[in-house]
Amino acid sequence: MRRLAARGAAGDAGEVAAPAADSSDSAQGRSPSSWRLIDLCAIWDAGVYLPSAAWNGASSGVARRRLNEAERLSTVREAQLKRLEVTRPRVLGSRERGRVPRMARQPPPPWVHAAFLLCLLSLGGAIEIPMDPSIQNELTQPPTITKQSVKDHIVDPRDNILIECEAKGNPAPSFHWTRNSRFFNIAKDPRVSMRRRSGTLVIDFRSGGRPEEYEGEYQCFARNKFGTALSNRIRLQVSKSPLWPKENLDPVVVQEGAPLTLQCNPPPGLPSPVIFWMSSSMEPITQDKRVSQGHNGDLYFSNVMLQDMQTDYSCNARFHFTHTIQQKNPFTLKVLTNHPYNDSSLRNHPDMYSARGVAERTPSFMYPQGTASSQMVLRGMDLLLECIASGVPTPDIAWYKKGGDLPSDKAKFENFNKALRITNVSEEDSGEYFCLASNKMGSIRHTISVRVKAAPYWLDEPKNLILAPGEDGRLVCRANGNPKPTVQWMVNGEPLQSAPPNPNREVAGDTIIFRDTQISSRAVYQCNTSNEHGYLLANAFVSVLDVPPRMLSPRNQLIRVILYNRTRLDCPFFGSPIPTLRWFKNGQGSNLDGGNYHVYENGSLEIKMIRKEDQGIYTCVATNILGKAENQVRLEVKDPTRIYRMPEDQVAKRGTTVQLECRVKHDPSLKLTVSWLKDDKPLYIGNRMKKEDDSLTIFGVAERDQGSYTCVASTELDQDLAKAYLTVLADQATPTNRLAALPKGRPDRPRDLELTDLAERSVRLTWIPGDDNNSPITDYVVQFEEDQFQPGVWHDHSKYPGSVNSAVLRLSPYVNYQFRVIAVNEVGSSHPSLPSERYRTSGAPPESNPGDVKGEGTRKNNMEITWTPMNATSAFGPNLRYIVKWRRRETREAWNNVTVWGSRYVVGQTPVYVPYEIRVQAENDFGKGPEPESVIGYSGEDLPSAPRRFRVRQPNLETINLEWDHPEHPNGIMIGYTLKYVAFNGTKVGKQIVENFSPNQTKFTVQRTDPVSRYRFTLSARTQVGSGEAVTEESPAPPNEGNHTKKTVPVKAQAQPIQLTDLYPGMTYTLRVYSRDNEGISSTVITFMTSTAYTNNQADIATQGWFIGLMCAIALLVLILLIVCFIKRSRGGKYPVREKKDVPLGPEDPKEEDGSFDYSDEDNKPLQGSQTSLDGTIKQQESDDSLVDYGEGGEGQFNEDGSFIGQYTVKKDKEETEGNESSEATSPVNAIYSLA
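Notes on the structure in this doc start here. (Residues numbered from 1 in each chain as written. Predicted model: local features only at pLDDT ≥ 70, side-chain atom pairs only at ≥ 80, totals over all residues. Heavy atoms only, no water.)

## Brief notes about the packing of aromatic side chains
No. 1: Taken as a whole and assessed by the stated rule, the structure comprises 20 aromatic pairs.
No. 2: Seen in terms of ring centroids, Phe950 and Trp964 are 6.4 Å apart; in terms of plane orientation they differ by 70°. Their pairing is edge-to-face. Note that Phe950 is positioned in strand 77 (residues 948-953) and Trp964 in strand 78 (residues 959-965), a separation of 14 residues in sequence. Just as Phe950 is buried, Trp964 falls in that class too.
No. 3: Ring pairing ties together the aromatic residues Phe950, Trp964, Tyr977, Phe997 and Phe1004, which thus form one cluster. (Phe/Tyr/Trp six-rings, centres within 6.5 Å; stacked < 30°, edge-to-face > 60°. Helix = DSSP H or I, 4+ residues; strand = E, 2+ residues; numbered from the N terminus. Buried < 20%, exposed > 50% of the residue type's maximum accessible area, 1.4 Å probe, protein only.)

Below, the structure written as structure tokens:
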């Protein structure tokens, strides 16, 4: 039986009426270096604005705002740091969930506050309007452009023209257009109309007209009473696909071995057409490193061979909008040769050119010309460098960059290494590149100087600014480019210089600062940044709102959560100024924060570990100067689902019955579902199986039933798993056929393999079976071998019954197949047949992607992406490669991508243990594979921090209890804890003991070897990287020496050795023997010290001198007591029998003839006089003959011969000791050993 580590709850908050989302900055791809003004006040949670409670200074009014500015900004900075450090993992799979620790917030150093204050002084908070439609409809808002056509808008002349422009605002905006910077009067043109409630233009040509008449530059204006927003300047162009000019082409005459260029010269189109070469019979031209198409569309022959005459060559242009293909008149080649016969056997000749009498030549460049050229590319575009060379033999092309390496993550080779493509070019890609063309006759090189320019791109795009009255804010418009772009500000579509002056507004280059904003400050600002390569236009409005608090989530939500889990209660709200939020439980007056509760900056309440008493109604209250709003959340706590009787591993014989148990405890209010898996797949319950609530029964077990069985017990909130393995033993088969008596052997190999019915994706294979050697052939196994990826390695293709000798084989594209067949009977397999002839299929784009994609960190700051490479049957084409994409999970950042030829790629500079989405897509020269599914991988782990709240408790002298909490920063998957502890007593130290625990264990009990020694404990957490920071604690000190213990032990009045037990090691004791009848009769006091707990060579107590002397003294004392008793009896004395009740001893009571023996852990003088109980009374026994009564409080007992059998307890406290002494029984025939 194996318990699976797969228990978990359905999310931290269980089942909720309104889902909670991660609101941390890390979930949105933000980093501390990229904070914006909007980030200082708000975070986004599932599209809903959750304001920060740190901005409660805004509610104090404008008068106090200036005075509290520095303090408020410092609070915001601290809140941001705290928010970045809070994590909320949602991971299933732990056997015992427990609470998920919150990362503790480290306060920033003072210089951080100072720098932050200097940066944001005089700026207030910004508000974002939530996406709630009711709020959107109620609040006034300037216009915002939501949809527009692309800047370069190319349209199909056969369709109506559509120029999109949509905007939102309250009140709804109106629209107008300009064309070529002049007002465009739509009403005067019957073909032009504007969509209702939209600014989208529709130009209709159904009644005639030429689309070319409407070409030009358009711009949309959206306006309401609070401002005007602008669209980009949209350049409208009509697609063009001109016809190819008619021309008669003479045959091209060329000498064999000479270079040749067939020019395409396609007609200019808009956009440019796609060029490809085919024959006049529409067969594609086979391209390789000798014959290939250049980027300009021309067809290049590095050297012409005689077989190039076998077809003609036609250039084809495919136009995007019209979806038409235009074909140029074909070229025909006439090759002059010294070897007129096209002998196909010479194609594979090791020196083909010399065999055909073609002179060998050094390489020379066909494109580009000369030895050097230059090329300019814009940042973010793809750089394509091309070198095509002629020569005999065909030259090889290699690429290099001067002064450095090619960017391996962005560079890929195309067109048989004749082209180098660098994707997403940046400034560091500028420099000199050169291509080297070489064959055995020599080499040449061509240098290409690459200059990278840049159209404007955003560094800091202006954002909408929503403020409360009297608050400050700013709009920032920062862009970069090459050359450096200029920045122009506009307000409501007009240059800022011509706008009316505003004393509350100050322009400082790329920043507009607003101070003490009022309702009249509302407007829409435009930032236009441009250089010679392009422009960027952004709208950002300034709106001033006074809004009382309101709740955004549904009222009276119900959240159900599993006991001991962590949960989070969300309370999204909105208001201006930003409200503060507090939580209360069951109407109590105290605010919930601290201890088991934690309130986040967005107002969410986290309960770190759910207990039964946490069930109840929670109320959140949002308050600002305009009012307050509240909402309630009802929390129900449910018991976890547990499998308490798990299935066991079993071994069964075939045909027997097997029962697998699975008994479950769960919360009765939750619906329980029990299901079974076999080999981790859903189990089909057939007629041989019976599934009950607590078991699975299999009747007539067969070999196919062998495997792992998993019981899955689940509710809507959590689940538990348990697995067992069933092994089936097969019976020995008894031969029953008539051939059993004949000698059997493996079959002979099949022969005469033949391929027929050749198709693009299939072929028929036929063979002649060999002799079965007295054992019928049960199966045929068809194998194949390909000569590209793994030449000489045979793979199983398919399996067929022994009754057939012909099969249609399904084939994969671009594989050069060779087949063989193996026959199988019960004895074994035959030798493989001789291989068939080869058959190559044509290529195609991949139809699948590599499997087993993983992302795992090998270091704490990287992630290694690996996958299983695709084999020959799934490559489908030449130059198989992989497009690897990755990005941070749950962020909106763009995908990073790189092309890789191997099976691994390492992503560097990653945060510690962060989830990533990973995609790996196959690609060959025919195209890309299907869009892959995303796989979740994690960056590298690091050492965990120390466990929190390490507590050492000592409830008694026998055990020590240890408890701790999980580390604050796990930095990976916790695999357990390591506890090291050692006992010590003064300077003596015992052997260190090491204990390893599971990651879910947070408690441990140590059994003490003695009650005196102390223990030193060192605890650390472990990830796969290793053990992290350790925390050390020591057990409490032993009892203080001032607390003395005293014990009295009764003994028989005869000289027998007495062994004292349960003494503390390393303690000092005093010992005396006295008469219970008369304490004045006492031995001298003996002082001794017990040895320490870890002394190895302890001597036998019976051989110690002090012990021998003590025994002699006891024997002498007992002899004296016997003499006294004899004298009394000879005088006729009698012992009265007192009633069993507590009465004080009178002077007439005769003295009892017994002795006492006491020893103490302090140096006391001999006790004088009689010893009485605390109240001065002594309990009298009914009979002197009962030895049971001579024990201490009923604990001491004697056997029949009078020997002592007893126990004693040591009391630390004086009151308890004296209380026990008062209950002791007296006897005339016993002495008492008293331990004090």
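## A look at the environment of Ser1082
No. 1: Relative to the elements of secondary structure, Ser1082 occurs in the loop between strand 86 (1068-1074) and strand 87 (1086-1089).
No. 2: Spatially, the C-alpha atom of Ser1082 lies 8.3 Å from that of Leu1117, the residues being 35 residues apart in sequence.
No. 3: Sequence-distant contacts of Ser1082, defined by excluding residues within four places in its chain, comprise Arg1072, Val1073 and Tyr1074. (Contact = heavy atoms within 4.5 Å.)

## Side note on the sheet that holds strand 35 (residues 473-476)
No. 1: Strand order in the open sheet formed by three strands is 35-40-39, with antiparallel pairing between adjacent strands. Looking at the sheet topology across the chains shown, the edges are occupied by strand 35 and strand 39 (505-508). Each adjacent strand pair in this sheet contributes to an overall mean axis angle of 15°, direction not counted. (Pairing = 2+ DSSP bridges. Axes fitted to C-alpha atoms, helices over the stretch in contact; angles between N-to-C directions.)

## Re the state of the cysteines
No. 1: Under the counting rule described, the total for this entry stands at six disulfides.
No. 2: Across the disulfide from Cys165 sits Cys220; the S-S distance is 2.0 Å. Here the disulfide of Cys165 and Cys220 is left-handed, its torsion about the S-S bond being about -75°. You can see Cys165 sitting in strand 9 (residues 165-170) and its partner Cys220 sitting in strand 14 (residues 216-224), a full 55 residues away along the chain. Here Cys165 matches Cys220 in class, with each residue buried. (Disulfide = S-S within 2.5 Å.)

## Quick look at the nonpolar core
No. 1: In this structure, Ile161, Ile163, Trp177, Leu201, Tyr214 and Tyr218 are the most contacted members of the largest nonpolar core, which totals 32 residues.
No. 2: Ranked by size, the runner-up nonpolar core spans 22 residues in total, among them Cys571, Phe573, Val599 and Val637. (Core = buried A, V, L, I, M, F, W, Y, C linked by side-chain atoms within 4.5 Å.)

## Some remarks on the pattern of salt bridges
No. 1: Per the counting criterion, the structure on display carries 51 salt bridges.
No. 2: Two residues, Glu613 and Arg611, come together in a salt bridge whose shortest N-O distance is 3.6 Å.
No. 3: With a relative accessible area of 48%, Glu613 lands in the partly exposed category.
No. 4: For Arg611, a relative accessible area of 32% gives the class partly exposed.
No. 5: One salt bridge in this structure joins Asp757 and Arg764, with 3.3 Å as the shortest N-O distance.
No. 6: Assessed through its relative accessible area of 54%, Asp757 is described here as exposed.
No. 7: Through salt bridges with shared partners, a single network forms among Arg949, Arg951, Arg953, Glu963 and Asp965. (Salt bridge = Lys/Arg side-chain N within 4 Å of Asp/Glu carboxyl O.)

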